Every structure is written in C-alpha cells, then in structure tokens.
Amino acid sequence: ARYQGGNNAQFFHQRLATQPVARMQMEKAMRSAITQNEFSVNYQPKLNLRTGRIDSVEALARWIHPENGLIDPQDFIPLAEETGLIAAIGEQVLNKACLDAAEWREQNLGEISISVNISGHQVRRDDLYDVVHNALCQSGLPAVYLELELTESMLMEDIHHAQEFLNRLRSLGVRLALDDFGTGYSSLSYLKRLPIDTLKIDKSFVAEARQGAPSPIVEAILAMADSLKLKVVAEGVETKEQLSYLERLGCDYAQGYLISHALPTAEVLTLIRHTNLD
Ligand code: C2E
Ligand code: CA
Ligand code: CA
Ligand code: CA
C-alpha cells in the first residue's frame, strides 16, 4: 500500500484549497515529517550535450508519508512555502544531497555535480550562507560540485540585496543557477550584475520545440547566455526532436523525461554508470 499515494495526495491537495482544517492537518503532518525524517531526495540527471555524459543531477524533494504514500512537491511545496517550513525541508534536502554527492565521489563515477533548489523563504532569511557552509563541512563535498538553483523572481525584489547575497554565497565556491528562466522579467543589464553561472530555460519554452519546430524564446535565451558566457540547461526535454534541436543550437545541458525522471540514489547511479560507460 506504499506507493499508491498519487490519488491520496491529489485528494489531500484539493481539500487544502477549501478546508482550513485540512490545511492545519497537513501543516501538522509536515512538521512531524520534518522531525521524523520522512523527506527523501530523488535525483534527476542532466545530460551534458557536449560530452554525451551525465555529469550532474538535480536534487528533488519527495515526501514519503506513512499513510498517504509518496507525495510530490507540487502537493506540499506551496504550503511549505506559505508556512515557512520549506526552510527546514530545504535544509534537509541540501544536507542529504551533499552527503550523497560526497559518497559518490568515492565510487569511481567520474565527477558528478549536484544542484539543489533554494526557496524564496531561504533567501529572505539571513542564515543561508551558514546552512550551505555547514552542509559542505559536514559532508566534505568540495564546493565546486554544488550548484544552488534560485528563481529570478525571488531575486528581482531587490537587486542590491540580491547582488550582495549572491556574491557572499559565491565566495563559498559554490555555483549559482537561475531556475525557471524566462518566466520572470529579468533584463540583460540585470543579469549582467548577478554572479551566476547557469540559466535553466523553463520547460514551458522548451515545450514549444516539442516537435522540433524552432522556438524564438529558446534561441533568444541561448544567444543571451552566449554573450554573457553562461551555461544553459534546458528543462522538460521530452522528445528526441527537442533534444537534437537543442544540440544543434549549442545548448549545454538537457534535463527531462526523455533522459530520465528523478530517481532514487541507487537507480540514478546505475543510469549514470550505464550512460557514461566507455
Ligand atoms: P523545478 O525546480 O522547476 O524542478 C523541475 C520539475 O520538473 C520537477 O518536478 C521535475 O520532476 C519536473 N520535470 C522534469 N523533467 C520533466 C519533463 O520532461 N516534463 C515535465 N512536464 N516535467 C518535468 P517536481 O520534482 O515535482 O518538483 C516541482 C517543483 O518543486 C520544483 O520545480 C521545485 O520548484 C520544487 N522543489 C522540489 N524539490 C525542492 C526542494 O528541495 N526545495 C525547494 N525549495 N523546492 C523544491
Ligand atoms: Ca530546479
Ligand atoms: Ca525549473
Ligand atoms: Ca519550471
């Protein structure tokens, strides 16, 4: 009865919108999940289009509820954001991901980087630097193998603060990525001022090229990234046509169901071994 969670989770989710009692119950369940360590991390590979290898993975939170089974982020992240519990969840995900990545380094897989999502809540608190520093120290993972994914909207509220904040994080040696890129309203001049390494093109734009037809937005983002010397990851790649289109355009990485869903540790390692063989 474990992974029959899909329907339950949806039920959970639908009730939340309308019933304050259900919300309170879920918040309570989430608090206990944090102390009971019910959150686990799955990893979705990113395919390096220049080498054909998987050299990085994105850590994605999963909640394994003892009664409701597997609950997806879309069903618990919104409430976690609202209540601020996302900070504790995000910290657990970060710690686990760093420990896993440090362990992988001892397994002859080649260099594997991990990226971890950071919520707006964590950005607004002032302890993210310490939290990241801690995760690196505890795991022994060299900072260059950790990338933090932030969204442009959470940074745009205050450019001066964002600049300072990101520079400070960057001084730890970690990489920074802008997630869901294209959905906010960043200008070129704004982007130039931020110390970021990577743009992740939002899957809604990548979807325009599903059948291999050109997407003006994808091409504009790639041109912009090129002139700013940023790496680009296309997310939500689901078809071969999209993949070859992105390859032709010189996109650096592809992530999406065509390559793999997010997988538990053992399975993602098997996939990496298999893909990187030879
Ligand atoms: P995101 O950061 O944009 O992550 C990508 C989402 O797209 C993931 O959903 C992933 O499973 C899904 N995806 C990947 N490939 C494809 C594809 O080819 N097609 C489609 N349609 N979808 C694809 P997931 O795991 O449900 O996560 C949803 C969101 O929840 C994430 O979006 C992220 O914003 C948030 N999230 C997940 N884990 C964490 C976390 O540890 N901390 C924080 N702050 N947010 C998290
Ligand atoms: Ca992400
Ligand atoms: Ca994204
Ligand atoms: Ca997205």
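Counting restarts for each chain, with residues numbered from 1 along the sequence as it is written. Lettering for chains starts from A, numbering for ligands starts from 1, and both go in the order in which the items are written. Local features in this predicted model are restricted to residues whose pLDDT is 70 or higher, and side-chain atom pairs enter the listing and the counts only when it is 80 or higher, whereas totals over whole chains, interfaces and linings include all residues. Side-chain measures were taken over the full set of non-hydrogen atoms in the model, leaving aside hydrogen atoms and water.

## Some thoughts on the environment of Phe165
To keep it simple, the criterion reads: Runs of H or I in DSSP of at least four residues are treated as helices and runs of E of at least two as strands, each being numbered from the N terminus. When a residue's accessible area, from a 1.4 Å probe over protein chains only, is under 20% of the maximum for its type it is buried; when over 50% it is exposed; and in between it is partly exposed. For this analysis, residues touch if any pair of their heavy atoms sits within 4.5 Å.
Relative to the helices and strands, Phe165 is located in helix α8 (residues 159–170). Judged by its relative accessible area of 13%, Phe165 is buried. Sequence-wise, Phe165 and Leu148 are 17 residues apart; in three dimensions their C-alpha atoms are separated by 13 Å. Discounting chain neighbours no more than four positions away, the residues touching Phe165 are Val123, Leu128 and Leu150.

## Brief notes about the coordination of the calcium ion (ligand 4)
The textbook angles at a metal center are 109.5 degrees for a tetrahedron of four donors and 90 or 180 degrees for an octahedron of six. Here is the rule we go by: For Na, K and Ca the donor cut-off is 3.2 Å; for every other metal, N, O and S atoms count as donors within 2.8 Å. Water does not enter the count, which can leave sites looking incomplete.
Here the calcium ion (ligand 4) is held by the protein donor atoms Asp180 (OD), Asp202 (OD) and Glu235 (OE), which lie 2.4 to 2.6 Å from it. Sequence positions of the residues that donate to the calcium ion (ligand 4) give the spacing D-x21-D-x32-E. The metal-metal distance between the calcium ion (ligand 4) and the calcium ion (ligand 3) is 3.3 Å, with Asp180 serving as a donor to both. Residue Asp180 is located in strand β6 (residues 175–181), and its partner Asp202 is located in the loop between β7 (198–201) and α10 (203–206); the two are separated by 22 residues in the primary sequence.

## Some remarks on the site of ligand 1
Here is the rule we go by: Residue proximity to a molecule or strand is established when one non-hydrogen atom of the residue lies within 4 Å of it. Polar contact criterion, stated in full: a pair of N or O atoms within 3.5 Å, where within protein one must be able to donate a hydrogen and the other to accept it, and residues adjacent in sequence count only if both atoms are side-chain atoms. Each accessible area value is a Shrake-Rupley result obtained with a 1.4 Å probe; residue values ignore everything except the protein chains displayed when judging cover.
Taken together, 21 residues surround ligand 1, and among them Gln44, Arg62, Lys203, Glu238 and Tyr257 come closest. Between ligand 1 and the protein, one listed contact pairs an oxygen atom with a side-chain N or O atom of Asn117 at 3.1 Å. At a separation of 3.1 Å, an oxygen atom of ligand 1 approaches a polar side-chain atom of Asp179. Protein contact buries 83% of the 800 Å² of open area that ligand 1 shows by itself.

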